[in-house]
Amino acid sequence: MGLKIAICEDDAGQAKLAVQYIRSLGKKFLIDALVLYPTGTELSQALQAGKQFDIYLLDIDLPGINGLELAAHIREVQPYACIAFSTSYPQYVTRAFMLESAQYFLKPIEEDVFLPAMEQMLKDYTNAWLTLMLDNERSITLWQENMVYVEFYHGKMTVWTLDQSYEMRVNVKTWKRTLYERGFLQSHQGYFVNPKHVCAIEADTVVCTNNISCPLSARCRKDFMDQFLEYMQ
């Protein structure tokens, strides 16, 4: 599944450049849609009609509904969307980052600044999701931050999120390596914990968000502690 990107920009020249630069990243990322909205009102109407994108590049100083107002609405319905701002006015930077923006571009957009920053943003967003193939051959894509821990048992992997679990048959060795690469910490032979959700480390237990507990073996304890301290730094 490719990325869906929306640009909201009323300056035709800046919009053309943004589209050109983002399209050039199509060699590295699968981009399914790149849609330009010349006004905040048009994007707002699309959102109200149920349209959603993965990445939003919003001009702040728009006539009618401005970029900050758009971002606030997007955050309400898409808390995990990636939002970047472009503006000629640096005084908006504090309000922009209060809305958890990923980037803040000062206009005029310059290729040597915009391209590497946008590439990193697309890479970070893509890596923040994990696609799983369930036993019924249905795939599901999860936001990694919502994953609390992963358990392996007899060739099956169970992913525990904040509100439910998903079980599937997997190649255990491959998935353990994937979790290592994504920053999960091994607390037990069959348990990998998302360090974001670690609340306390007890003698033989890792206590996570919502008081969810995972076993901590003596064999894994030292490495787990060392890696968690490194994560916290």
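Heads up: these notes are all about the structure in this document. In every chain, residue numbers begin from 1 and rise along the written sequence. Given that this is a predicted model, residues contribute local features only at a pLDDT of at least 70 and side-chain atom pairs are listed and counted only at 80 or more, while totals for whole chains, interfaces and linings are drawn from all residues. In computing side-chain properties, one takes all heavy atoms of the structure into account and sets aside hydrogens as well as water.

## Focus: the sheet that holds strand β13 (residues 198–201)
Next, step 1: Criterion used throughout: strands pair if DSSP finds at least two bridges between them. Secondary structure is summarised from DSSP: a helix means a run of H or I of at least four residues, a strand means a run of E of at least two, and numbering begins at the N terminus for each. Pairing is antiparallel in the open sheet, where three strands are placed in the order β13-β14-β15. The open sheet terminates on both sides in strands that have one partner only, identified here as β13 and β15 (212–215). Pairwise comparison of adjacent strand axes, ignoring direction, gives a mean angle of 25° for this sheet.
Next, step 2: In the sheet, β13 pairs with strand β14 (residues 205–208) via three bridges, with the strands oriented antiparallel. Along β14, the bridge assignment pairs Val-198 with Cys-208. For every element, the axis is a line fit to its C-alpha atoms; helices are fit only across the contacting stretch, and the angle between N-to-C directions ranges from 0 to 180 degrees.

## A short note on the packing of helix α1 (residues 12–24) against helix α5 (residues 111–127)
Next, step 1: Put simply, α1 and α5 touch, their axes get as near as 10 Å, and they point 50° apart. In terms of their interaxial angle, α1 and α5 are classed as oblique. For the crossing formed where α1 meets α5, the hand is right-handed. Residue-level inspection shows Ala-18, Tyr-21, Ile-22 and Ser-24 of α1 in contact with α5, the latter providing Glu-111, Phe-114, Leu-115 and Met-118.
Next, step 2: Of the residues in the contact of α1 with α5, the class split is six nonpolar, one polar and one charged. Each angle gets one of four labels, with under 35 degrees taken as roughly parallel, over 145 as roughly antiparallel, 65 to 115 as roughly perpendicular, and the rest as oblique. Working rule for handedness: look at the near helix, and if it is turned counterclockwise from the far one by less than a right angle, call the crossing left-handed; if clockwise, right-handed. Note on contacts: a residue pair is in contact if any heavy atoms of the two residues lie within 4.5 Å. Residues are grouped as follows: Ala, Val, Leu, Ile, Met, Phe, Trp, Tyr, Cys and Pro are nonpolar; Asp, Glu, Lys and Arg are charged; every other residue, Gly included, is polar.

## As for the packing of aromatic side chains
Aromatic rings in a pair are described by how distant their centres are and how their planes are angled relative to each other.
Next, step 1: When two rings of Phe, Tyr or Trp (its six-membered ring) have centres within 6.5 Å they constitute a pair, described as stacked for plane angles under 30 degrees, edge-to-face for angles over 60, and tilted for the intermediate range. The full count for this structure, using the stated rule, is 14 aromatic pairs.
Next, step 2: Look at Tyr-149 and Trp-160: their rings are 5.8 Å apart centre to centre, the planes differ by 15°, and that puts the pair in the stacked class. Note that Tyr-149 is positioned in strand β8 (residues 147–153) and Trp-160 in strand β9 (residues 156–161), a separation of 11 residues in sequence.
Next, step 3: Of the residues examined, Trp-160 reaches a relative accessible area of 31% and is grouped as partly exposed.
Next, step 4: An aromatic cluster of three or more residues is present, and its members are Tyr-80, Tyr-125, Trp-129 and Trp-143. Partly exposed residues are those whose accessible area sits between 20% and 50% of the maximum for their type, while under 20% is buried and over 50% is exposed, using a 1.4 Å probe and protein chains only.

## Observations concerning the pattern of salt bridges
Next, step 1: Each salt bridge in this description consists of a side-chain nitrogen of Lys or Arg and a carboxyl oxygen of Asp or Glu lying within 4 Å of one another. In this structure the tally under the stated criterion is six salt bridges.
Next, step 2: The salt bridge partner of Glu-9 is Lys-107, with a shortest N-O separation of 3.2 Å. Of the two residues, Glu-9 sits in the loop between β1 (3–8) and α1 while Lys-107 sits in the loop between β5 (103–106) and α5, which places them 98 residues apart along the sequence.
Next, step 3: By relative accessible area, which is 17% here, Lys-107 ends up buried.
Next, step 4: Lys-28 serves as the salt-bridge partner of Glu-119, at 3.0 Å between the closest nitrogen and oxygen. In this pair, Glu-119 sits in helix α5 while Lys-28 sits in the loop between α1 and β2 (31–37), placing the two residues 91 residues apart along the sequence.
Next, step 5: The network of salt bridges with shared partners includes Glu-9, Asp-59 and Lys-107.

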